[in-house]
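# Notes for the structure review
Here is what each chain is made of, one letter per residue.
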Amino acid sequence: MAGLNKVVTSYEDAMAGLSDNMTIMVGGFGLCGIPEGLINQMVTMNTKGLTAISNNAGVDDFGLGLLLKHRQIDTMIASYVGENATFEQQMLSGELNVILTPQGTLAEKIRAGGAGIPAFFTATGYGTPIAENKETREINGHHYVLEPSLTADFALIRAWKADTMGNLVFRKTAANFNPMMATAGKITVVEVEHIVEPGELDPDHIHTPGIYVNRVIQGTFEKRIEQRTVQASA
């Protein structure tokens, strides 16, 4: 990787600098749009004591579920526990510290972190355990909770296409949390399906500009389906 070329050719280079007790953001929604290879590299590195920010942790034996299986995550900031028995068991046993956050609030905490906004008021969670130990305020007759924004040491992102300068295009629902997380990491690493040369992406189609991206790696994706329901033909 040299100059404006942000492409790396190994997962070791992609994840260089990750160490114990760091905070990571991991894009995806369930198993849709997750950076599979980057997660597998963290398993290989056996990095411990991580704080992971992600909508949820997928399933037991794939994606972030692998980090939970190997006891690499100490704190999980997420909006959803379902579909992962290991996640549920570790949370109920107290082994894993889980900070459950309403999904829209989680998205806005990440977006605000990427925009340099330290905190914001939201009505969501007022009068519930979500608001405990947080500042509240009445504004124009309505009650709000002050939510701190979120940033991370590493943001691990999945995109459809990137050019070598790190400009990103996401595809359909695989975008989910990825674009906002890409702005909120001190180091943003992107695993992509296709890498093209500068000028090959239509500027109107770029979702995340390369200024936010530190490293890009070509990935190979299994693209599991979280649940498949079929009906026998008549």
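## Considerations on the overall build of the protein
In terms of regular secondary structure, the protein is built from 6 helices and 11 strands. Here the protein has a C-alpha radius of gyration of 18 Å; the compact-globule value for 234 residues is 17 Å, and the two agree. In terms of overall dimensions, the protein has C-alpha extents of about 55 × 50 × 45 Å along its principal axes. Taking the intrachain contacts of the protein between residues at least 6 apart in sequence as the baseline, contacts between residues at least 24 apart amount to 72%. Total accessible area on the protein stands at roughly 11500 Å², and carbon and sulfur atoms take up 50% of it.

## Things to note about the packing of aromatic side chains
Tallied over the entire structure, the rule returns 0 aromatic pairs. Geometry around Trp 160 places Arg 171 over its ring, the cationic atom sitting 5.8 Å from the centre.

## Observations concerning helix 4 (residues 85-93)
Spacing of three or four residues puts side chains on the same side of an α-helix, whose turn is 3.6 residues. All of the buried residues along helix 4 are Thr 86, Phe 87 and Gln 90. Down the axis of helix 4, the sector holding all buried residues measures 100°, keeping them to one side. Every exposed residue of helix 4 that faces more than 90 degrees away from the buried side is listed here: Gln 89 and Leu 92. Against the buried residues of helix 4 lie helix 3 (64-69), strand 3 (73-78) and strand 4 (97-100). Two residues or fewer past helix 4, Gly 94 is found with a positive phi of approximately 85°.

## What to know about the nonpolar core
One finds Ile 24, Met 42, Met 76 and Phe 87 to be the most contacted residues of the largest nonpolar core, which totals 27 residues. Looking at this core, the elements with two or more residues in it are strand 1 (23-26), helix 2 (36-45), strand 2 (50-53), helix 3, strand 3 and strand 8 (152-163). With residues near it in sequence (within four places) discarded, Ile 24 still touches Leu 18, Met 42, Leu 50, Thr 51, Ala 52, Ile 53, Leu 67, Ala 152 and Phe 154.

## Topic: the side chain of Asn 56
Here Asn 56 lies in the loop between strand 2 and helix 3. Polar side-chain contacts of Asn 56 include one of 3.2 Å to the side chain of Asn 55. Among residues more than four places away in sequence, those in contact with Asn 56 are Phe 29, Gly 30, Leu 64, Met 76, Ala 78 and Tyr 80.

## Overview of the sheet that holds strand 6 (residues 136-139)
Strands sit in the order 5-7-6 across an open sheet of 3 strands; the sheet is antiparallel. Pairing within the sheet leaves two strands with one partner each, and these edge strands are strand 5 (119-122) and strand 6. Neighbour-to-neighbour, the strand axes of the sheet open up by a mean angle of 35°, direction not taken into account. Pairing geometry for strand 6 and strand 7 (residues 142-148), over 4 bridges, is antiparallel. Residue pairing across strands places Ile 139 opposite His 142, the latter belonging to strand 7. In the packing of helix 5 (residues 103-115) onto the sheet, contacts are made with strand 5 and strand 7, and the angle to strand 5 comes to roughly 150°.

## With respect to helix 2
Within helix 2, the full set of buried residues consists of Glu 36, Gly 37, Leu 38, Ile 39, Gln 41 and Met 42. Asn 46 sits one or two residues past helix 2 and shows a positive phi near 55°.

What counts, and at which threshold
Residues numbered from 1 in each chain as written. Predicted model: local features only at pLDDT ≥ 70, side-chain atom pairs only at ≥ 80, totals over all residues. Heavy atoms only, no water. Helix = DSSP H or I, 4+ residues; strand = E, 2+ residues; numbered from the N terminus. Rg over C-alpha atoms; globule rule 2.2 N^0.38 Å. Contact = heavy atoms within 4.5 Å. Areas by Shrake-Rupley, 256 points an atom, 1.4 Å probe, with all protein chains shown as cover. Phe/Tyr/Trp six-rings, centres within 6.5 Å; stacked < 30°, edge-to-face > 60°. Lys NZ or Arg CZ within 6 Å of the ring centre and 35° of its normal. Buried < 20%, exposed > 50% of the residue type's maximum accessible area, 1.4 Å probe, protein only. Arc of directions from axis to C-beta. Core = buried A, V, L, I, M, F, W, Y, C linked by side-chain atoms within 4.5 Å. Polar contact = N/O pair within 3.5 Å; in protein donor to acceptor, adjacent residues only side chain to side chain. Pairing = 2+ DSSP bridges. Axes fitted to C-alpha atoms, helices over the stretch in contact; angles between N-to-C directions.

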